[in-house]
Amino acid sequence: MRPPAHPSDPSRGALALVLHAHLPFVRHPTHEDFLEERWLFEAVVESYLPLLRVLEGWERDGIPGSWALSVSPTLASMLADPLLRSRLGQHLERLARLASDEEQRHSLHPGLQHAAAFHVRRLALASRIWEDIGGDVLGAWRRWSDAGRIELMTCAATHALLPLAAETPLAVHAQVQVAAEEHRRFFGRSPRGFWLPECAYSPAVEPALRKAGVEWTVLETHGLLHATPSPSRGILGPIRTSSGLACFGRDPGSARQVWSRDVGYPGDPRYREFHRDIADDAEWNYLAPHAAGTGNRVPTGIKLHRVTGPGPDKEPYDPHAASVAVHEHARHFVDARLRWLDGRIDDSPIPPMVVAPYDAELFGHWWMEGPDFIDAACRESARRGLNWTNPGLHLDRFPDLPMAMPAASSWGEGGHLAVWLDECNAWMQRPLRRMTARLARWLDSLPANPSSLHLRCLRQATREWMLANASDWPFLVRMGTARAYAEARFQSHVDRFDRLDAMASGHMPMDESWLGEVEGQDNLFPRIAPETWARREA
């Protein structure tokens, strides 16, 4: 692979695309087909593999461009897991067969048959990429990083909301340190960039970031706009804090155009309708093999209709019309960014830069045409002189940044932490703080030569504590999406921690068989060693 070329006119400014790839750790080895494991399968088939296809095309055609990609440690653990990779390959095969069955089933309805044929082709391409990379998505990302196409970042180990944990330095230290160690294990290098879960920032998280060698992060818009002193360029240039951390601010215009179903591109009537699956229409006997043993109609991922309009009536999906929309929106996106940048060119030797961070799963899973939009927008940018780069490359070229202290912020609803401290989920904070305090005391009183069983209990209890801290559980409760599963998962980690604590402290008989079962299910972070953490250093 050759390094990407650069456009001839970088003076018009730059765009930094930052994608955050994350899913909560879901692994249920005792079930052959567990519904929530499909979150991973859908993300790989619908988002990660199509985004790899985009990079293939850029390399083939010599298109300049790169992006930053944050890979959460929980996602990386699942992508590396042999059991989940095997199940993912089987899921892709089943989905391809289902798409073929759909093409035959709609032989008397040309519009739906045409849409089903599109899915047959889409899944065949995904299968080809999956086979080409040997089912190793992490390895593919590592190769594209080596080629200079993506800068790999990390995230808090279990996507914990760091400002909420910051009153106990141990908690933030654990999330950041384990994340950096896992990044080195999977990608062979230390991360320069760090995605703050939910872009949630407070000054209290910086010591742990800087101790781990983190150089830069991305904040919500008002994190920079309300910085002290106020940056002269607003969000069109990064700032550097007193600790040396570089902070980039999210461009709200880019966010609104790409995120919003109401006023953004994904709501265009020509695009695929996410909320209309064949599970809504087909007969139960036909769907039952795809229901993951739930006995309910669950989405299959095969969706044959387009957005059409706000009502329930939907027309068949037309791939050609959707492709036309993609190119229209790509041109509009680039036009808007260039108008925004051209109006702010000044005498500074540093060109202004738009930072556009998104969840990676938006592109492909939620907005099926999203990867094609990224492809078209980058190609249009290359023709127009808008440099697609990433924050790390920008810092390499322009290391001298204005000093400022960002404001506490988040990209959650309301701009702060209300989503995770709602009346429906705030109850989770009490057991989390109790567990954190207990783990800190456990580490302080650890004997000089603990037994192997005692160490296993400590390490597994730390995993359970970290998994309970995932921001996904209160978010799912707040949104009402998979609420029962989220509450059950949270409570299971609390209960396991308590039992491990009781076993290690002698208040409950040591059950090595049960310990082995839990280690086999929550098997992430194999190198975790909390016994080496010194609370005073954290």
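Bear in mind that the values here come from a model prediction, so they are computed numbers and not experimental data.

### Observations regarding the overall build of the protein
So, point 1. Helix and strand counts for the protein stand at 19 helices and nine strands.
So, point 2. A compact globule built from 538 residues should have a C-alpha radius of gyration of about 24 Å, and the protein, at 24 Å, falls within 12% of that.
So, point 3. Projected onto the principal axes, the alpha-carbon positions of the protein cover approximately 70 × 70 × 45 Å.
So, point 4. Out of the 538 residues belonging to the protein, those deemed buried represent 60%.
So, point 5. In the protein, 79% of the contacts between residues at least 6 apart in sequence involve partners at least 24 apart.
So, point 6. Within the structure as shown, the protein displays about 21,400 Å² of accessible surface, and the carbon and sulfur contribution to it stands at 52%.
So, point 7. One way to put it: in the protein the 59 positive side-chain charges average out to a point 3 Å from where the 68 negative ones average out.

### Considering the pattern of salt bridges
So, point 1. Enumeration according to the criterion identifies 36 salt bridges in this entry.
So, point 2. With a closest N to O distance of 2.7 Å, arginine 384 and aspartate 335 form a salt bridge. On the criterion of sequence distance, the pair formed by arginine 384 in helix α13 (residues 370–384) and aspartate 335 in helix α12 (residues 319–342) is long-range, its members being 49 residues apart.
So, point 3. Take arginine 384: its relative accessible area is 28%, and that puts it in the partly exposed class.
So, point 4. Through salt bridges with shared partners, a single network forms among Arg60, Asp61, Asp375 and Arg379.

### Considerations on the environment of glutamate 283
So, point 1. With respect to the helices and strands, the residue glutamate 283 is situated in the loop between α10 (252–259) and α11 (284–287).
So, point 2. Separated by 139 residues in the primary sequence, glutamate 283 and tryptophan 144 have C-alpha atoms spaced 43 Å apart.

### A look at the sheet that holds strand β6 (residues 239–240)
Sheets are built from strands paired through backbone hydrogen bonds, the pairs being either parallel or antiparallel.
So, point 1. The three strands are arranged β5-β7-β6 in an open sheet whose pairing can be described as mixed. On the outer flanks of this sheet lie β5 (216–219) and β6, each paired with one strand and no other.
So, point 2. Sheet analysis places β6 next to strand β7 (residues 246–249), joined by two bridges and oriented antiparallel. In the strand pairing of β7, isoleucine 239 is matched with cysteine 247.

### Observations concerning the pairing of β5
So, point 1. Of the two faces of β5, the one holding Trp216 and Val218 and the one holding Thr217 and Leu219 are both buried throughout.
So, point 2. Where β5 and β7 come together, four bridges link them in parallel fashion. In the strand pairing of β7, leucine 219 is matched with glycine 249.

### Points about the packing of aromatic side chains
So, point 1. Using the criterion set out here, one finds 21 aromatic pairs in the structure.
So, point 2. Centroid distance phenylalanine 34 to tyrosine 485: 6.0 Å. Interplanar angle 55°. Geometry classified as tilted. Of this pair, phenylalanine 34 sits in the loop between β1 (14–21) and α1 (38–61) while tyrosine 485 sits in helix α18 (residues 483–505); the two residues are 451 residues apart in sequence, bridging distant segments of the chain.
So, point 3. Residue classification places phenylalanine 34 among the buried positions, given a relative accessible area of 15%.
So, point 4. For the pair tryptophan 259 and tyrosine 358, a centre-to-centre distance of 6.4 Å together with 55° between the ring planes defines the contact as tilted. Separated by 99 residues along the polypeptide, tryptophan 259 in helix α10 and tyrosine 358 in strand β8 (residues 353–359) bring together distant segments of the chain.
So, point 5. For tyrosine 358, a relative accessible area of 2% puts it in the buried group.
So, point 6. One aromatic cluster in this structure is built from Trp195, Trp259, Tyr265, Tyr271, Phe333, Tyr358, Phe363, Trp367, Phe373 and Trp411.
So, point 7. Here arginine 105 stacks its cationic end above the ring of tyrosine 286, 4.9 Å away from the centre of that ring.

### What to know about the packing of α10 against α12
So, point 1. At a minimum axis separation of 11 Å, α10 and α12 run at an interaxial angle of 165°. Here α12 runs roughly antiparallel to α10, going by the angle between their axes. Crossing hand, α10 versus α12: right-handed. Together, Gly253, Ser254, Gln257 and Val258 of α10 and His332, Phe333, Ala336 and Arg337 of α12 make up the contact between the two elements.
So, point 2. Along the lines of polarity and charge, the residues of the contact of α10 with α12 split into three nonpolar, four polar and one charged.

### What about the nonpolar core?
So, point 1. Ranked by internal contacts, the top residues of the largest apolar core, which has 170 residues, are Trp67, Trp141 and Phe373.
So, point 2. Sequence-distant contacts of phenylalanine 373, defined by excluding residues within four places in its chain, comprise Val258, Tyr265, Val326, His329, Ala330, Phe333, Phe363 and Trp367.
So, point 3. Membership of the second largest hydrophobic core comes to six residues, among which are Leu164, Ala200, Val419 and Trp420.

### A closer look at the packing of α1 against helix α2 (residues 73–80)
When two helices pack together, their arrangement is given by the angle between the helix axes and by the axis-to-axis distance.
So, point 1. The N-to-C vectors of α1 and α2 enclose an angle of 90°; their axes lie 11 Å apart at closest approach. It follows from the interaxial angle that α1 and α2 lie roughly perpendicular. On the side of α1, the interface is formed by Leu40, Val44 and Tyr48, while α2 contributes Leu75, Met78 and Leu79.
So, point 2. In terms of residue class, the contact of α1 with α2 is made up of six nonpolar, no polar and no charged.

Parameters at a glance
- Residues numbered from 1 in each chain as written.
- Predicted model: local features only at pLDDT ≥ 70, side-chain atom pairs only at ≥ 80, totals over all residues.
- Heavy atoms only, no water.
- Helix = DSSP H or I, 4+ residues; strand = E, 2+ residues; numbered from the N terminus.
- Rg over C-alpha atoms; globule rule 2.2 N^0.38 Å.
- Buried < 20%, exposed > 50% of the residue type's maximum accessible area, 1.4 Å probe, protein only.
- Contact = heavy atoms within 4.5 Å.
- Areas by Shrake-Rupley, 256 points an atom, 1.4 Å probe, with all protein chains shown as cover.
- Lys, Arg positive; Asp, Glu negative; His and termini not counted.
- Charge placed at Lys NZ, Arg CZ, Asp CG, Glu CD.
- Salt bridge = Lys/Arg side-chain N within 4 Å of Asp/Glu carboxyl O.
- Pairing = 2+ DSSP bridges.
- Phe/Tyr/Trp six-rings, centres within 6.5 Å; stacked < 30°, edge-to-face > 60°.
- Lys NZ or Arg CZ within 6 Å of the ring centre and 35° of its normal.
- Axes fitted to C-alpha atoms, helices over the stretch in contact; angles between N-to-C directions.
- Parallel < 35°, antiparallel > 145°, perpendicular 65-115°, else oblique.
- Left-handed = near helix turned anticlockwise from the far one by under 90°.
- Nonpolar A, V, L, I, M, F, W, Y, C, P; charged D, E, K, R; others polar.
- Core = buried A, V, L, I, M, F, W, Y, C linked by side-chain atoms within 4.5 Å.

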